[in-house]
Amino acid sequence: MSSLYRSAISARIAKLPQLPPSYEDDDEKSEISDGIGELSTGMGPPPLPRPSTSTRKPKPPNPEFKPLSPASYFSQALQISLPTRALDVRVYYTPPKYDNGGVIVFHHGAGYAGTSFACLAKEISEVMRDNVGVLAFDARRHGKTTSSQSDEDLSIGVLVDDFCALLQTIYPDVAAAPSLMLVGHSMGGSVCVRACSILQQRKYNIAGVAVLDVVEGTAVEALPHMHAILNSRPEGFDSVEEAIEWHVNTGLIHNPTSARVSIPSIVVPADSTLTPSTRSNIGFKYKWRTPLRSTAPYWDSWFPSLSSLFLGLRSARLLVLAGAERLDTTLMVGQMQGKFWLEVMAGSGVGHLVHEDDPTKLAEILADFWRRNERIVVRGNVIKAVGEV
């Protein structure tokens, strides 16, 4: 791998899993209705030195980056109990207008939260005129999802089981369940790909699977560079506004509005004791909800075989990338054979977080994908969706 390519990968991986804890906004509870009721060895070099708390001057909040409530983007905020998983999952949901309407289900990437899809969810509701519902949630050890047991394990098998358990809890009656389209970003894309066949075996109708800006080959090659990237990230912030501003100024998120909705869910008060991995005295008022370095033991489980599993899905397939050069060999061959729909959202204002950077364009892509691939029953015969085998 050339040094130029390695540098490019390092730049991309800087935009991969990197988000924090939850920010509890007192106004959110009144604005959104609640409808339901160890780091391993070899973690790389230590973080770069930071100013001591005795000499560092706290930065005042910038009002331009004031947090926005997800209440304007989803109609409901729910806490759904999964007793078999020891989880209390935060779900954001806007139901379809009609009882027989389908639902697009979003799974965020490592370090992020369900609010990462807030702007996209609102755009989809508008484009689809509420005929299709949207549902996003916080995975274990992310956002406002909590656990009654240790939730340190973020291996792919655990995440897939969590995802399937959540959907089975929300839609216990398979016969009455809506058609579902699974959309996952980065790590979440891998979860959706693996969960699809499991849900189909349990007789759920999966209209399609969309993977956002993750390719097995590029992701696996980039993982060794993650520690160097993480060393350049701040350990905490003086305010939620500063966390939002940092993501915008560094170009990790190009859409300030989306950042103001999504970032508050990935940072928590620094004195929080949510999990052992988030406990530390770092001299800041806010810290990451999900420190990415603590997820390192699970990185190797997230992406292997992703390309072949994606191409083997018995469902419509969509891959959305921020750059066409990210395709690996397996996907290049599959794309030439017409096995999936490829959309490239290239542009100076679109990075790894394609759903946050340009939610309007992505909403149009997903709406078109839904319309073209939702199963239609004619006189008892199912017409296969585009991309199905």
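Residues numbered from 1 in each chain as written. Predicted model: local features only at pLDDT ≥ 70, side-chain atom pairs only at ≥ 80, totals over all residues. Heavy atoms only, no water.

A. Structural view of the overall build of the chain. Scanning the chain from N- to C-terminus turns up 14 helices and 14 strands. Within the span of the chain, comprising 389 residues, buried residues form 57% of the whole. Of the roughly 16,300 Å² of accessible surface on the chain, 52% is carried by carbon and sulfur atoms. (Helix = DSSP H or I, 4+ residues; strand = E, 2+ residues; numbered from the N terminus. Buried < 20%, exposed > 50% of the residue type's maximum accessible area, 1.4 Å probe, protein only. Areas by Shrake-Rupley, 256 points an atom, 1.4 Å probe, with all protein chains shown as cover.)

B. A look at the packing of helix α4 (residues 156–170) against helix α5 (residues 187–201). Taken N-terminus to C-terminus, the directions of α4 and α5 make an angle of 60°; their axes are 9 Å apart at the nearest point. What the angle tells us is that α4 and α5 run oblique. α5 is crossed by α4, and the crossing has right-handed handedness. Along the contact surface, α4 presents I156, L159, V160, F163, C164 and L167, while α5 presents M187, S190, V191, C192, R194, A195, I198 and L199. (Axes fitted to C-alpha atoms, helices over the stretch in contact; angles between N-to-C directions. Parallel < 35°, antiparallel > 145°, perpendicular 65-115°, else oblique. Left-handed = near helix turned anticlockwise from the far one by under 90°. Contact = heavy atoms within 4.5 Å.)

C. A look at the pairing of strand β1 (residues 76–82). In terms of burial, β1 is largely enclosed, as five of its seven residues are buried. As judged from the seven bridges shared by β1 and strand β2 (residues 87–94), these two strands associate in the antiparallel manner. In the strand pairing of β2, A77 is matched with Y92. Here β1 folds back onto β2 in antiparallel fashion, the turn holding four residues, of which A86 has a positive phi close to 55°. (Pairing = 2+ DSSP bridges.)

D. View of the pairing of strand β4 (residues 133–137). For β4, a buried count of five out of five residues is recorded, marking the element as mostly surrounded by other parts of the structure. Judged by which residues are buried, β4 turns out to be covered on both faces: G133, L135 and F137 on one side and V134 and A136 on the other are all buried. Where β2 meets β4, four bridges bridge the pair, whose relative direction is antiparallel. Across the sheet, residue T94 finds its bridge partner in β4, namely V134. One ladder, built from four bridges, connects strand β3 (residues 103–107) with β4; its direction is parallel. Considered in β4, the bridge of V105 is made with L135.

E. Molecular detail of the sheet that holds strand β9 (residues 267–269). Here three strands make up an open sheet; going across it, the order is β8-β10-β9 and the pairing antiparallel. Strand pairing shows two members of the sheet lacking a second neighbour, β8 (236–237) and β9, which therefore form its edges. Note: β9 against strand β10 (residues 286–288), three bridges, orientation antiparallel. When the sheet's bridge partners are listed, V267 is paired in β10 with W288.

F. Examining the environment of D130 more closely. If you trace the backbone, D130 turns up in the loop between α3 (118–127) and β4. Between the alpha carbons of D130 and P96 there is a distance of 5.4 Å; along the sequence they are 34 residues apart. Sequence-distant contacts of D130, that is, excluding residues within four places in its chain, are made with P95, P96, K97 and S125.

G. Examining a nonpolar patch on the surface more closely. A cluster of nonpolar side chains, M332, V333 and M336, forms an exposed patch at the surface whose accessible area comes to about 310 Å². Residue placement: M332 occurs in helix α12 (residues 329–336). (Patch = residues over 30% accessible without salt bridge, like charges linked within 9 Å, V, L, I, M, F, W, Y side chains within 5 Å. Salt bridge = Lys/Arg side-chain N within 4 Å of Asp/Glu carboxyl O.)

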